[in-house]
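So the chains spell out like this:
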Amino acid sequence: MNWYYVGAGAICLFIGWQFSQADMISTSISCDGAALLSGSFIGLNQSYNQHLFTDDRAVLSRDLRFTGPVESTIQVNSSGAIGYDEYAKNHRIPDVTSFLCSFMGTKSEERRSEELTSSGLMQNGQIISTKKVGEEGTRSRTLINGTGQVSLSTETRSNNTTENSRTYAAGPMQVSEVVALGGGEYDGW
């Protein structure tokens, strides 16, 4: 048995364990080749997932915060191809404060869920994305400047109501989208 591989494997497991215990991850990459940046969070009612890759000179940065509402900030600037995939889901069920007996009528609960999906393949350009997924709602701000194709979609469900929105752009583009889901006014976030 080669003890160098055992030692390297133990170090990799230890580093992975440290990241699983983190409440915040911040990463910056500046490269002149291929780069891959990925992260995800799955909680009781929230989930978030992101994948980014570049194949030429690029600068990538991301901040993920897991305490309280899940917050993510992504910035990519590349002179080559950019692959971009981001997904956020927020499922909110309010607490039932009254005792319900099986002989009593059922209490109508409002169940809300919000889902954001962003994906694209760019020839070059810049992507800036900020997401916040929490109890008060789901907020997103996306800015894209470059050449390629991008698809942005939102979906909100509340009991018997479903709202969908999709944005698609291809070729040279400048896309700016702000999404505030979960009720209330846009708070300028």
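Residues numbered from 1 in each chain as written. Predicted model: local features only at pLDDT ≥ 70, side-chain atom pairs only at ≥ 80, totals over all residues. Heavy atoms only, no water.

Draft legend 1. Summary view of empty space enclosed by the protein. Taken as a whole and judged by the stated rule, the model has one cavity of 30 Å³ or more. In this model, the largest cavity occupies a volume close to 40 Å³. In this structure, the largest cavity is lined by Leu-116, Thr-117, Ser-118, Lys-131, Ser-140, Thr-142, Leu-152, Ser-153, Glu-177 and Val-179. Elements that contribute at least two residues to the lining of the largest cavity include exactly strand S7 (112–134), strand S8 (137–158) and strand S9 (161–181). When its residues are assigned to classes, the lining of the largest cavity shows three nonpolar, five polar and two charged. (1 Å grid on protein atoms, 1.4 Å probe; cavity = no way out; pocket = protein on both sides within 12 Å on 5 of 7 lines; lining within 4 Å. Points joined across faces, edges and corners; volume = space filled by probe spheres on them. Helix = DSSP H or I, 4+ residues; strand = E, 2+ residues; numbered from the N terminus. Nonpolar A, V, L, I, M, F, W, Y, C, P; charged D, E, K, R; others polar.)

Draft legend 2. Highlighting the pattern of salt bridges. One pass over the full model with this rule turns up four salt bridges. Note that Asp-32 and Arg-57 form a salt bridge whose closest N and O atoms lie 3.5 Å from each other. A residue pair is termed long-range when its members are at least 10 positions apart, and Asp-32 in strand S1 (residues 24–32) and Arg-57 in strand S4 (residues 57–65) qualify at 25 residues. Measuring nitrogen to oxygen at the nearest pair gives 2.5 Å for the salt bridge that ties Arg-157 to Glu-155. For Arg-157, a relative accessible area of 41% gives the class partly exposed. (Salt bridge = Lys/Arg side-chain N within 4 Å of Asp/Glu carboxyl O. Buried < 20%, exposed > 50% of the residue type's maximum accessible area, 1.4 Å probe, protein only.)

Draft legend 3. The arrangement of the environment of Lys-131 in detail. With respect to the secondary-structure elements, Lys-131 resides in strand S7. Judged by relative accessible area, Lys-131 falls into the buried class, the value being 2%. In this structure the C-alpha to C-alpha distance between Lys-131 and Pro-69, which are 62 residues apart in sequence, comes to 9.9 Å. Within the local environment of Lys-131, its side chain forms a polar contact with the side chain of Ser-129, the two groups lying 3.2 Å apart. (Polar contact = N/O pair within 3.5 Å; in protein donor to acceptor, adjacent residues only side chain to side chain.)

Draft legend 4. Region of the structure containing the packing of aromatic side chains. Evaluation of the coordinates by the stated rule reveals one aromatic pair. Between Phe-41 and Phe-66 the ring centres are 5.4 Å apart and the planes differ by 20°, which places this aromatic pair in the stacked class. Pair noted here: Phe-41 is in strand S2 (residues 35–42) and Phe-66 is in the loop between S4 and strand S5 (70–78), with a separation of 25 residues, a long-range link. Among the residues examined, Phe-66 registers a relative accessible area of 16% and is labelled buried. (Phe/Tyr/Trp six-rings, centres within 6.5 Å; stacked < 30°, edge-to-face > 60°.)

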